[in-house]
Amino acid sequence: MVDEEKSLSRRAFLGFSTWIIGGILALGLFVPGLIYIVGPAFTQAKKEEWVRLGSTQKVEPGTPTLFTTTIEEQTGWITNEKELSVFVYTENNRDYIAMSNICTHLGCRVRWIANQEEFFCPCHNGVFDKEGNVVSGPPPRPLDQYEVKVEGNSIYIKVT
Amino acid sequence: MITRISDWLDTRIGWRQVWETVFLRKVPKVNWLYTLGSASVFVAINQIVTGILLTIYYVPTPDHAYDSVQYITTQVPAGWLIRGLHHWGASAMVVLVFLHMIRVIIYGAYKFPREITWMTGVILLLIVIGFGFTGYLLPWDQKAYWATIVGTKIAGTPPIIGDTILRIVRGGEELSAITLARFFGVHVWVLPVALLVLTGIHIFLVIKIGISAVPKRGE
């Protein structure tokens, strides 16, 4: 019993140890719990594939043409079909651009207004020209474009 | 800093008195068997935390139950760990509360004035078994399905009222989506509420009355 006053008492030591062990156990559950909750936000499998939209003959030069196609999408344990709507535009039947119909403002779907020659988004009056550039309204950037290739008569876009 | 905050709180709500009553109370000289109740509480906390986490992905319908459990186990990061803790914790829970009860019986700790503590403990044992029974169905695999066929059949064995009990437990003639949904509801709402309330009473009484000493030879 040397200097019991200064050294750690048995009671204090046990109390301290309880806190440490309890803390480690709590952390041992909290950290995996956090990883478990946020996990799927960062584990979406990104795959790239070329998807055929349709024939080049459908596209009239000077007018954006709407193509729809379905792609398979894996969300959690469910595989479902997701519909993609893509506007294809060409001026010369050689160079094509493919634009998503999703407004760059807040994700509503734009539609082509033929007599005004503009894309219009009904949610907040966003307006884009035939190449997808912002004409007026709140959209912060032009319509997103897909990478396009033409093989024979078929138009393909790269979906990521 | 921490001392100042705890002093500030103590002058207002007097938490130190509560702390001393709960954690620094005087107990007789006892042995390790007296830790079984605390161990049950510890595992119960584990079950609550991991159970809440499992509901983030689990879907209690025949279409999705099995697939969502597989998703948790194989796809979600640390999902295997959370499910594993809940799975093994369930078995540990049953074993611990049972041993806890055996200790109380052998030491005669259920006697006056602790009868109410004992009675709430008996109900808590039934609640834990209820948790085990309802939770067993939720993965919706072959084992879950047939175990619940058998379990609900056993519930249907009493004469006269047996068939009615079976129908109520299954929510109909057959084991179905209704059965899965009600087992889930009971497992995550009814039983947890009952467990928390009764555990509260049980622990309150343990602290209020104090625990019994190890009986001496000849007592």
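Residues numbered from 1 in each chain as written. Chains lettered and ligands numbered in written order. Predicted model: local features only at pLDDT ≥ 70, side-chain atom pairs only at ≥ 80, totals over all residues. Heavy atoms only, no water.

## Section: the overall build of chain B
Put simply, the test is: Here a helix means four or more residues in a row that DSSP labels H or I, a strand means two or more in a row labelled E, and each is numbered from the N terminus. The buried label goes to any residue with under 20% of its type's maximum accessible area, the exposed label to any with over 50%, and the partly exposed label to all in between, with areas taken from a 1.4 Å probe on protein chains only. The contact rule is simple, with two residues in contact once any of their heavy atoms fall within 4.5 Å. Only four residue types enter the tally: Lys and Arg on the positive side, Asp and Glu on the negative side; His and the chain ends are excluded. Taken as the charge location is NZ of Lys, CZ of Arg, CG of Asp or CD of Glu.
Per the secondary structure count, chain B includes nine helices and zero strands. When the elements of chain B are put in sequence order from the N terminus, they spell out α-α-α-α-α-α-α-α-α. In terms of its C-alpha atoms, chain B occupies a principal-axis envelope of roughly 55 × 50 × 30 Å. Burial statistics for chain B: of 219 residues in total, 32% are counted as buried. Across chain B, the fraction of contacts at a sequence separation of at least 24, relative to all contacts at a separation of at least 6, is 69%. For chain B, the separation between the mean place of its 18 positive charges and that of its 11 negative charges on side chains is 12 Å.

## Some details on the interface of chain B and chain A
Operational definition: Put simply, buried area is how much 1.4 Å-probe accessible surface two parts lose in total, over both of them, once they are put together. Salt bridges are identified by distance alone: a Lys or Arg side-chain nitrogen within 4 Å of an Asp or Glu carboxyl oxygen. Residues adjacent in sequence count toward polar contacts only when both atoms are side-chain atoms; beyond that, a polar contact is any pair of N or O atoms within 3.5 Å, and within protein one must be able to donate a hydrogen and the other to accept it. Polarity classes work like this: nonpolar for Ala, Val, Leu, Ile, Met, Phe, Trp, Tyr, Cys and Pro, charged for Asp, Glu, Lys and Arg, and polar for all others, with Gly in that last group.
Opposite the 23 residues of chain B that make contact, chain A presents 15 residues. For the chain B and chain A pair, buried surface summed over both sides reaches about 1,500 Å², with 80% attributable to carbon and sulfur atoms. Three residues stand out in chain B for area buried against chain A, namely B:Y57, B:Y71 and B:P77, and they jointly supply 34% of the buried area on that side. Summed over the shared surface of chain B and chain A, the number is zero salt bridges. On inspection of chain B and its partner chain A, the count reaches four residue pairs in polar contact (both at pLDDT 80 or more). Elements represented by at least two residues in the side of chain B that touches chain A include exactly α3 (36-55), α4 (65-74) and α5 (79-106) of chain B. Per-element tally for the side of chain B that touches chain A: the top contributor is α3(B), with six residues. Residues of the side of chain B that touches chain A, tallied by class, amount to 17 nonpolar, five polar and one charged.

## Quick notes on the state of the cysteines
The line we're drawing: In what follows, a disulfide is any cysteine sulfur pair within 2.5 Å.
For the structure on display, the rule yields one disulfide over all chains. A:C121 supplies the cysteine sulfur nearest to A:C103, a cysteine that is in no disulfide, at a spacing of 3.8 Å.

## A word on the side chain of B:R170
Summarising the element assignment, B:R170 is placed in helix α8 (residues 162-170). For the buried B:R170, which has no salt bridge, the nearest side chain bearing the opposite charge is B:E174, at an N-O separation of 5.4 Å.

## Section: the sheet that holds strand β9 (residues 145-146) of chain A
As a general point, the strands of a sheet are linked pairwise by backbone hydrogen bonds and lie either parallel or antiparallel. Residues and elements named next belong to chain A. Operational definition: Only when DSSP finds a minimum of two bridges between them are two strands counted as paired.
Taken together, four strands build an open sheet; the order of strands is β2-β3-β4-β9 and the sheet is antiparallel. If you trace the sheet from one side to the other, it starts and ends with β2 (65-75) and β9, each paired once. Where strand β4 (residues 96-100) lies against β9, two bridges are found, and the strand directions are antiparallel. Paired with A98 across the two strands is Y146, which belongs to β9.

Note that all results are geometric; they support no functional claim without further evidence.
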